[in-house]
Every structure is written in structure tokens, then in C-alpha cells.
Amino acid sequence: KAFMLENVKNLCSHDKGRTFQIIQESLRELNYKVFFQIIDGKGYVPQHRERIVIVGFDKERYGENVSFSFDLHPLKKQPVVRDILEKEVSEKYTLSDKLWIYLQNYAAKHREAGNGFGYGIAPLDGVTRTISARYYKDGSEILIEQHGKNPRRLTPRECARLQGFPDSFKIPVSDTQAYRQFGNSVVMPVMQEVARLMVPHVQRMISEEQERCSFQIKSA
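Now for a quick tour of the structure. If you're wondering where the values come from, they're calculated on a predicted model, not measured in any experiment.

**Examining the overall build of the chain**
Then, in step 1: A tally of regular secondary structure across the chain gives seven helices and five strands.
Then, in step 2: Secondary structure of the chain in N-to-C order comes out as β-α-β-β-α-α-α-β-β-α-α-α.
Then, in step 3: For 220 residues, the compact-globule formula gives about 17 Å, and the C-alpha radius of gyration of the chain, at 22 Å, lies well above that figure.
Then, in step 4: Its C-alpha atoms give the chain principal-axis dimensions of roughly 80 × 40 × 35 Å.
Then, in step 5: Classification of the 220 residues of the chain by burial places 41% in the buried group.

**A word on the nonpolar core**
Then, in step 1: Within the largest apolar cluster, 20 residues are counted, with the highest numbers of intra-cluster contacts made by I39, V53, V55, F57, F68, F70 and V194.
Then, in step 2: Where this core is concerned, the elements lending two or more residues are β2 (32-40), β3 (50-58) and α7 (188-219).
Then, in step 3: Top contributing element to this core by residue count: α7, with six residues.
Then, in step 4: Each residue touching F57, except ones within four places of it in the same chain, is listed here: K1, A2, N31, Y32, K33, F35, Y62, V66, F68, M198 and H201.
Then, in step 5: Formed by 17 residues, the second largest nonpolar core is a distinct cluster that contains L85, Y135, I142 and F165.

**Some details on the sheet that holds strand β1 (residues 2-8)**
Then, in step 1: Judged by pairing direction, the sheet is antiparallel, and its three strands sit side by side in the order β1-β3-β2 without closing on themselves. The open sheet has two edge strands with one neighbour each: β1 and β2. Pairwise comparison of adjacent strand axes, ignoring direction, gives a mean angle of 20 degrees for this sheet.
Then, in step 2: Of the pairings in the sheet, the one linking β2 to β3 comprises nine bridges and is antiparallel in character. Along β3, the bridge assignment pairs D40 with E50.
Then, in step 3: On the sheet, helix α1 (residues 18-29) packs against β1, β2 and β3 and is oriented at approximately 145 degrees with respect to β2.

**Quick look at the pattern of salt bridges**
Then, in step 1: Using the criterion set out here, one finds 13 salt bridges in the structure.
Then, in step 2: Within this structure, R134, D138 and E141 form a network of salt bridges that share partners.

**What to know about empty space enclosed by the protein**
Then, in step 1: Applying the stated rule across the entire model yields one cavity of 30 Å³ or more.
Then, in step 2: Its boundaries defined by the atoms lining it, the largest cavity holds a volume of some 70 Å³.
Then, in step 3: Taken together, E6, I39, D40, G41, R49, R51, V53, V186, V187, V190 and M191 make up the full set of residues lining the largest cavity.
Then, in step 4: Within the residue set of the lining of the largest cavity, elements represented by two or more residues are β2, β3 and α7.
Then, in step 5: For the lining of the largest cavity, the per-class residue count stands at six nonpolar, one polar and four charged.

**Brief notes about α1**
Then, in step 1: Between its first and last C-alpha atoms α1 spans 16 Å; for twelve residues at 1.5 Å apiece the expected length is 16 Å, and the two agree.
Then, in step 2: At its buried positions, α1 is contacted by β1, β2 and β3.
Then, in step 3: The first or second residue beyond α1 is N31, which carries a positive phi of 75 degrees.

**Focus: the side chain of T128**
Then, in step 1: If you trace the backbone, T128 turns up in the loop between α3 (97-112) and α4 (135-138).
Then, in step 2: A residue is classified by how much of its surface remains accessible, and T128, at 4% relative accessible area, is buried.
Then, in step 3: Excluding anything up to four places from it in sequence, T128 contacts P46, Q47, H48, V81, A122, I142 and L162.

**A short note on the packing of aromatic side chains**
Describing an aromatic ring pair means giving the distance of the ring centres and the angle of the ring planes.
Then, in step 1: For the structure on display, the rule yields 13 aromatic pairs.
Then, in step 2: Centroid distance F35 to F57: 6.3 Å. Interplanar angle 70 degrees. Geometry classified as edge-to-face. With F35 in strand β2 and F57 in strand β3, the pair connects residues that are 22 residues apart, well separated along the chain. Per residue, the accessibility class of F35 equals that of F57, and both read buried.
Then, in step 3: Here Y135 and Y179 contribute two aromatic rings whose centre-to-centre distance is 5.3 Å and whose plane-to-plane angle is 70 degrees, an arrangement assigned as edge-to-face. Of this pair, Y135 sits in helix α4 while Y179 sits in helix α6 (residues 175-184), and the two are 44 residues apart along the sequence.

What counts, and where the lines are drawn
- Residues numbered from 1 in each chain as written.
- Predicted model: local features only at pLDDT ≥ 70, side-chain atom pairs only at ≥ 80, totals over all residues.
- Heavy atoms only, no water.
- Helix = DSSP H or I, 4+ residues; strand = E, 2+ residues; numbered from the N terminus.
- Rg over C-alpha atoms; globule rule 2.2 N^0.38 Å.
- Buried < 20%, exposed > 50% of the residue type's maximum accessible area, 1.4 Å probe, protein only.
- Core = buried A, V, L, I, M, F, W, Y, C linked by side-chain atoms within 4.5 Å.
- Contact = heavy atoms within 4.5 Å.
- Pairing = 2+ DSSP bridges.
- Axes fitted to C-alpha atoms, helices over the stretch in contact; angles between N-to-C directions.
- Salt bridge = Lys/Arg side-chain N within 4 Å of Asp/Glu carboxyl O.
- 1 Å grid on protein atoms, 1.4 Å probe; cavity = no way out; pocket = protein on both sides within 12 Å on 5 of 7 lines; lining within 4 Å.
- Points joined across faces, edges and corners; volume = space filled by probe spheres on them.
- Nonpolar A, V, L, I, M, F, W, Y, C, P; charged D, E, K, R; others polar.
- Expected span 1.5 Å × (residues − 1).
- Phe/Tyr/Trp six-rings, centres within 6.5 Å; stacked < 30°, edge-to-face > 60°.

Here is the structure:
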């Protein structure tokens with residue numbers, strides 16, 4: 001009846017836009033009215049994460065003129081990194097001297113080459129870079145500064161919060177698996193917000209189908 005898809009922002013430009021064009025044409029051949037928008041999760045969580053969200057409605061059920069708007073309402077108060085940090089964190093999340101030296105040397109090498117690659121110290125009153133599934137390797141894209149010692153990576157719980165998961169969400173897997181899964185996840189509040197906008201359309205269509213069925217039964 002309807003769907004919501006999510007992918008990386010670069011889907012739009014992949015293969016000079018041909019990939020996304022084929023996706024849209026395929027969905028339209030399946031008789032869906034398609035809407036899409038690139039949304040940055042930083043309006044809901046303290047993370048810069050741009051993703052394309054694609055919404056589709058079955059034209060046979062909703063009609064040719066079905067309309068949809070990504071009328072999103074980000075939080076009035078911008079979440080910042082310090083909002084997601086745990087008060088007590090195990091020392092195991094602090095980078096070893098060896099890893100910290102490696103990351104600094106790696107960043108310096110790329111700076112000399114004119115590249116922007118390297119580790120990222122997250123601003124406590126700002127937003128982080130985009131977390132990825134490779135975060136388990138060294139945590140370099142999002143590090144938390146610590147006074148008097150090496151920076152640390154986020155804990156799995158902090159990663160969950162960074163993606164908008166409530167603290168009631170259980171993490172039964174290892175740290176490595178948790179980092180992979182949260183790095184691959186969507187920003188939950190964004191998905192919830194888009195789904196909330198879809199619900200009235202779905203409910204209206206269901207009501208109309210029920211009315212038609214009721215009319216047919218009465219007519220019979």
C-alpha cells in the first residue's frame with residue numbers, strides 16, 4: 001500500500017544520477033507515486049547525517065493525485081553532543097597510546113597532502129560527524145576529548161543515543177557488533193517523523209476502502 005526507503009545521500013548522484021533515475025522509474029512502473037527528500041538528522045540528534053528518504057503510495061489505492069509533503073518539525077532546542085554522554089565511562093573506551101599516536105600521524109600526513117582525512121574530536125556543544133559501520137575499528141571519526149589523557153571513543157549506549165534510540169533499547173551484543181549495527185542504523189526520530197506524516201494518508205485510504213466494502217455489501 002505504501003513504503004518508506006532510506007539510503008545514503010550520494011544515491012542521487014551515483015553514476016551521474018542514472019542509478020536513482022532507474023530506481024524512480026522502477027517504482028513508477030509498479031504504479032507508485034514517489035516523493036523524496038534529503039534530510040539531515042541533526043535536527044533530532046547531535047549528528048550531521050544526511051540521508052535520502054523515499055516515500056511511495058500505490059496509485060491504485062490512493063489515486064493519481066495523492067500528495068505528500070516532508071513537513072518535518074525538528075526539535076526547537078538543537079541536541080548537542082554533551083546531551084548523549086554517559087556520566088561514568090569505562091577506561092576501556094580510552095584510546096591506547098599506540099592508537100592515538102597512529103591517528104595523529106595519519107591525520108598529519110593527510111594534512112600535508114592537502115586532504116581532510118583524519119580523526120575528529122566532537123564538539124561538546126555541537127554535533128558529530130556521521131557515524132559509520134567502521135566505527136568499531138578505531139572510533140576515529142567521533143572522539144571525545146578527555147582532560148589529562150587520550151581521547152575516547154563513544155560507548156555503545158552513546159552511539160545508540162546518537163541515532164535516537166531510547167535508553168530502554170537493549171544492547172545484547174558485543175561492543176564490536178553494537179558499533180557496526182548503530183553505525184549502519186537510521187536516525188530513529190527522523191524515520192518516526194516521516195512515518196507520522198504517512199499515517200493519515202494510510203488511515204484515510206483504509207477508511208475509504210472500508211466504506212466501499214460496506215456499500216458493496218449493502219448493495220448486494
